[in-house]
Amino acid sequence: NFALRYYGSNGLSSSAPKNTSTITHVEIVYGTKLTEEDITFLSSLDRVEDLSIGGNMQDEFVEIEGSLSPFGKLRSLKSIFLCKNKMVDSDLEFVSRLPALEYLEFVGNTNPIGQDGPFVTDDSAVFLSRATALRDLCVIGGDRLTDRFVSVISTDLKNLEHLDID
């Protein structure tokens with residue numbers, strides 16, 4: 001098993017080894033920018049089980065161009081950490097297509113304290129509730145989520161053991 005850690009600006013595919021078949025863990029360090037080409041490349045790594053993008057604070061995000069939808073091809077993913085700048089509900093759509101996903105942690109509000117902007121809402125529960133293998137869900141910056149979110153998640157995710165909304 002091989003881990004790929006990326007914090008550059010030369011493109012993810014050019015930073016990866018030629019043989020990507022053994023990559024099971026990917027970490028994208030905060031402050032990095034991922035292009036649509038990077039997302040396409042990352043989505044081709046079909047053996048990845050663990051994906052970490054950004055840090056766990058509101059300002060430790062990764063700039064991502066385009067949609068996260070291609071991540072739905074990563075059928076072996078078991079664990080995701082995601083801190084995307086300006087994340088919204090539709091960014092989480094890909095989660096509904098990951099049959100092995102057991103752990104999901106994301107930052108739902110990357111806006112600077114005191115400033116308004118895009119954030120994750122209760123509507124994201126529609127996508128998250130389809131990740132039926134999910135056992136652990138942690139939302140950092142989930143201050144805009146309400147009881148409606150909790151109700152959908154706790155009703156639909158039968159395997160859920162841990163829900164943390166910070």
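Structure's up top.
Along each chain, residues carry numbers from 1 onward, in the same order as the chain's sequence is written. Predicted model: local features are reported for residues with pLDDT of at least 70 only, side-chain atom pairs are reported and counted for 80 or more only, and whole-chain, interface and lining totals are derived from all residues. The side-chain figures draw on all heavy atoms in the structure; neither hydrogens nor water molecules are used.

Moving on, we get to the environment of Leu137. We count a stretch as a helix when DSSP gives it H or I for four or more residues in a row; a strand needs E for two or more, and each element gets its number in order from the N terminus. Here Leu137 is to be found in strand β8 (residues 136–140). Here the alpha-carbon distance between Leu137 and Asp156, two residues 19 residues apart in the chain, equals 13 Å. Throughout, a contact is declared for two residues whenever any of their heavy atoms are within 4.5 Å. Discounting residues that sit within four places of it in the chain, Leu137 has contacts with Leu104, Phe106, Leu128, Phe149, Ile153, Leu160, His162, Leu163 and Asp164.

In space, the seven strands of this open sheet follow the order β1-β2-β4-β6-β7-β8-β9, with parallel pairing throughout. The open sheet terminates on both sides in strands that have one partner only, identified here as β1 (2–6) and β9 (162–165). On average, each strand axis in the sheet is tilted by 5° relative to the strand beside it, whichever way the strands run. A pair of strands is labelled paired if DSSP reports no fewer than 2 bridges between them. Summarising the sheet, strand β2 (residues 23–28) and strand β4 (residues 50–53) pair through four bridges and their orientation is parallel. Opposite His25, over in β4, you have Asp50 as the bridge partner. Where helices are involved, their axes are fitted lines through C-alpha atoms of the stretch in contact, as for all axes, and angles between N-to-C directions lie from 0 to 180°. On the sheet, helix α4 (residues 147–156) packs against β8 and β9 and is oriented at approximately 165° with respect to β9.

Moving on, we get to the nonpolar core. We define a nonpolar core as any set of buried Ala, Val, Leu, Ile, Met, Phe, Trp, Tyr and Cys residues linked to one another through side-chain atoms lying within 4.5 Å. Exposure classes here rest on a 1.4 Å probe applied to the protein chains alone. A residue is buried below 20% of its type maximum, exposed above 50%, and partly exposed in between. Counting residues in hydrophobic clusters, the biggest one holds 43 residues, and the most contacted among them are Val26, Phe71, Leu82, Leu104, Phe106, Leu128 and Leu137. Apart from the residues lying within four places of it in its own chain, the contact partners of Leu128 are Leu92, Val95, Leu104, Phe106, Leu137, Phe149, Ile153 and Leu157. Of all hydrophobic cores here, the second largest spans five residues; its members include Phe81, Cys83, Val107 and Ile140.

Together, Val150, Leu163 and Ile165 make up an exposed nonpolar region whose accessible area comes to about 180 Å². Checked against the element boundaries, Val150 lands in helix α4. Judged by relative accessible area, which is 31%, Val150 ranks as partly exposed. Patch criteria: residues need more than 30% relative accessible area and no salt bridge. Like-charged residues are merged within 9 Å; nonpolar side chains of Val, Leu, Ile, Met, Phe, Trp and Tyr are merged within 5 Å. Computed with the Shrake-Rupley method and a 1.4 Å probe, the accessible areas treat only the protein chains shown as cover for residues. Each salt bridge in this description consists of a side-chain nitrogen of Lys or Arg and a carboxyl oxygen of Asp or Glu lying within 4 Å of one another.

In this section: the pattern of salt bridges. Within this structure, the stated rule accounts for eight salt bridges. Between Arg97 and Glu93 there is a salt bridge; the shortest N-O distance is 2.9 Å. For Glu93, a relative accessible area of 22% corresponds to the partly exposed category. As a salt-bridge pair, Glu102 and Arg135 come within 3.2 Å of each other at their nearest N and O atoms. Linking Glu102 in the loop between β6 (79–82) and β7 (103–107) with Arg135 in the loop between α3 (125–128) and β8, this pair joins segments that are 33 residues apart in sequence.

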